[in-house]
Amino acid sequence: MELRFEDVDFGYKNQAQVLHKINLTINEPGLTCIIGPNGVGKSTLVKCMNKLLIPNSGKVTLDDREVKDFNLKELSTITSFVPATSMDNFSLNVIDTVLMGRHPYSKIGSEKEDMHIVYGILKSLNITHLAMRNYNELSAGQHQKVSIARGLAQEPRILILDEPTANLDIRHQVKVIELLHDMAHEKGMTIIMISHDLNVAARYADKIIVMSTPGVVYDVGEPHEVITKEMIRYVYGMNCTVVDNEGRPHIILGSALSDEEVYELHRSESSP
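Residues numbered from 1 in each chain as written. Predicted model: local features only at pLDDT ≥ 70, side-chain atom pairs only at ≥ 80, totals over all residues. Heavy atoms only, no water.

A. Quick look at the packing of aromatic side chains. Summed over all chains, the structure comprises two aromatic pairs. Ring geometry for Phe10 against Tyr12: centres 4.8 Å apart, planes inclined by 85°, an arrangement best described as edge-to-face. In this structure Tyr12 comes out as partly exposed when scored by relative accessible area, which is 30%. Above the plane of the ring of Tyr204 lies Arg203, whose end atom (NZ or CZ) is 5.9 Å from the centre. (Phe/Tyr/Trp six-rings, centres within 6.5 Å; stacked < 30°, edge-to-face > 60°. Buried < 20%, exposed > 50% of the residue type's maximum accessible area, 1.4 Å probe, protein only. Lys NZ or Arg CZ within 6 Å of the ring centre and 35° of its normal.)

B. Structural detail: the state of the cysteines. Throughout the structure, instances matching the rule amount to zero disulfides. Take Cys33: it sits in no disulfide, and the sulfur closest to it among the cysteines is that of Cys240, at 18 Å. Classification of Cys33 by relative accessible area gives buried; the value is 2%. Cys240 gets classed as buried once you look at its relative accessible area, which sits at 14%. (Disulfide = S-S within 2.5 Å.)

C. Region of the structure containing the layout of surface pockets. Put simply, the largest pocket is a space of about 450 Å³. The element contributing the most residues to the lining of the largest pocket is strand S6 (residues 79-82), with four residues. Of the residues in the lining of the largest pocket, the class split is eight nonpolar, nine polar and two charged. Space inside the second largest pocket adds up to approximately 210 Å³. Forming the boundary of the second largest pocket are 13 residues, of which Ser124, Leu125, Lys175, Glu178 and Leu179 lie nearest the centre. The biggest single contributor to the lining of the second largest pocket is helix H6 (residues 170-187), with nine residues. (1 Å grid on protein atoms, 1.4 Å probe; cavity = no way out; pocket = protein on both sides within 12 Å on 5 of 7 lines; lining within 4 Å. Points joined across faces, edges and corners; volume = space filled by probe spheres on them. Helix = DSSP H or I, 4+ residues; strand = E, 2+ residues; numbered from the N terminus. Nonpolar A, V, L, I, M, F, W, Y, C, P; charged D, E, K, R; others polar.)

D. Representation of the environment of Glu155 in the model. On the secondary structure map, Glu155 appears in the loop between helix H5 (140-153) and strand S7 (158-162). Overall, the relative accessible area of 42% leaves Glu155 in the partly exposed class. Glu155 sits 75 residues away from Ser80 along the chain, and the two C-alpha atoms are 8.1 Å apart. Engagement of the side chain of Glu155 in a polar contact is seen with the side chain of Arg102, the distance being 3.3 Å. (Polar contact = N/O pair within 3.5 Å; in protein donor to acceptor, adjacent residues only side chain to side chain.)

E. Inspection of the sheet that holds strand S1 (residues 3-11) at higher detail. Pairing in this open sheet of four strands is antiparallel, and the strands run S2-S1-S4-S5 from one edge to the other. Two strands bound the open sheet, and with one partner strand each, they are strand S2 (17-26) and strand S5 (65-66). By the bridge criterion, five bridges tie S1 to strand S4 (residues 57-62) in an arrangement that is antiparallel. Each bridged residue has a counterpart across the sheet, and for Phe5 the counterpart in S4 is Val60. (Pairing = 2+ DSSP bridges.)

F. Spotlight on the side chain of Thr79. Along the chain, Thr79 falls in strand S6. Contact partners of Thr79, with chain neighbours within four places excluded, come to Asn50, Leu62, Gln154, Pro156, Ile158 and Ile160. (Contact = heavy atoms within 4.5 Å.)

G. Structural context of the pattern of salt bridges. Taken as a whole and assessed by the stated rule, the structure comprises nine salt bridges. The closest approach of N and O atoms between Lys21 and Asp9, which form a salt bridge, is 3.6 Å. Of this pair, Lys21 sits in strand S2 while Asp9 sits in strand S1, placing them twelve residues apart in sequence. Residues Lys68 and Glu66 are paired through a salt bridge, measuring 3.9 Å at the closest nitrogen-oxygen approach. One connected set of salt bridges, linked through shared partners, spans Glu2, Arg4 and Glu6. (Salt bridge = Lys/Arg side-chain N within 4 Å of Asp/Glu carboxyl O.)

Next comes the structure, spelled out in structure tokens:
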């Protein structure tokens with residue numbers, strides 16, 4: 001399924017424009033990571049992918065059909081969204097919470113199949129021991145895993161995650177990203193996730209989208225194509241060294257540029 005942005009602009013009411021003339025195509029299964037500093041529109045971009053936000057101008061399409069023209073039930077069988085933090089406060093147990101992801105497919109007699117799918121997902125995320133725990137009694141990290149499980153339960157063709165490992169420790173970050181990467185390839189899914197960990201993105205992503213101020217796509221490509229010291233300096237205002245790590249780029253951070261240096265860099269150079 002091809003996801004395409006064509007000249008997309010977006011700005012929140014009474015605020016400055018967040019996205020500027022976004023042109024972007026994602027049309028291959030695999031893990032795509034969106035990276036960039038705070039405030040460049042990463043979360044806004046992904047919310048435009050599944051009708052949570054409607055562009056002010058331009059269009060977002062799935063296989064040449066505008067996302068805004070899908071009804072919500074139809075769209076929920078194609079895309080699933082896992083937010084960075086959940087505001088949910090369910091009194092449901094974990095099983096019933098994850099089963100909510102099966103709602104688009106629910107019909108008489110589907111209960112056994114739905115439960116089979118949900119238990120398989122809990123097992124893959126190593127949270128079967130939480131199955132009968134109340135959702136609102138879990139830790140932030142456990143909440144995040146359950147939210148990912150609910151998104152996977154929708155069996156979407158495109159899974160969109162906003163910082164899915166934000167509340168997880170290092171070991172569980174790696175295990176979740178490895179799972180998402182493997183699942184994308186095994187099931188032929190397109191998984192799109194925002195990440196602030198550049199080395200995690202560089203190690204596991206098939207494609208990286210780099211966003212920069214002022215809400216533009218700076219570069220798109222495979223990790224070795226976009227993770228460069230020049231990109232880190234321009235986009236993040238950091239000096240660094242990029243080394244090879246088993247065929248993948250790995251960033252060793254150096255010193256931060258001063259505000260004056262960043263200003264001069266952006267004034268003298270233009271993004272691709």
